[in-house]
Amino acid sequence: MEMLITYDVDTSTPAGARRLRRVAKVCEAYGLRVQKSVFEVVCTEVDWLLMQQRLLDVIDAEHDSIRVYKLHHGALAKAEHLGHSPPAPHHTPLVF
């Protein structure tokens with residue numbers, strides 16, 4: 001499954017700043033950051049359910065917002081890039 005995840009976390013308090021870092025860490029565990037608060041994610045349905053629960057555990061639903069756009073398979077590879085934005089290597093082997 002391919003998804004685009006965006007978030008807006010209220011950072012007007014120190015607790016909000018901590019939530020912002022935690023949301024980013026959860027997203028980094030599952031996807032690739034393509035902009036400051038935008039991630040492209042390729043995962044299984046089970047991984048999405050785990051990620052979703054982790055995000056719900058972090059955010060304050062009264063002040064924070066996360067939007068998830070579920071895409072058709074292959075949509076991320078067809079994304080157009082304008083300016084300095086190299087394509088993200090979603091389907092390439094990871095080398096450690």
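Reference entry: report on the structure contained in this document.

Reading the values: the criteria
Residues numbered from 1 in each chain as written. Predicted model: local features only at pLDDT ≥ 70, side-chain atom pairs only at ≥ 80, totals over all residues. Heavy atoms only, no water. Helix = DSSP H or I, 4+ residues; strand = E, 2+ residues; numbered from the N terminus. Buried < 20%, exposed > 50% of the residue type's maximum accessible area, 1.4 Å probe, protein only. Expected span 1.5 Å × (residues − 1). Arc of directions from axis to C-beta.

Side note on the environment of V34
The residue V34 is located in strand β2 (residues 31-35) in this model. Judged by relative accessible area, V34 falls into the partly exposed class, the value being 30%. Here the alpha-carbon distance between V34 and L4, two residues 30 residues apart in the chain, equals 9.7 Å.

What about helix α2 (residues 45-58)?
The terminal C-alpha atoms of α2 lie 20 Å apart, and with 14 residues this matches the ideal 20 Å at 1.5 Å per residue to within 8%. Taken together, the buried positions of α2 are occupied by W48, M51, L55 and V58. Looking straight down α2, one finds that the buried residues subtend no more than 85° of arc, so they occupy a single side. Exposed residues on α2 whose side chains face more than 90 degrees from its buried face are V46, L56 and D57.

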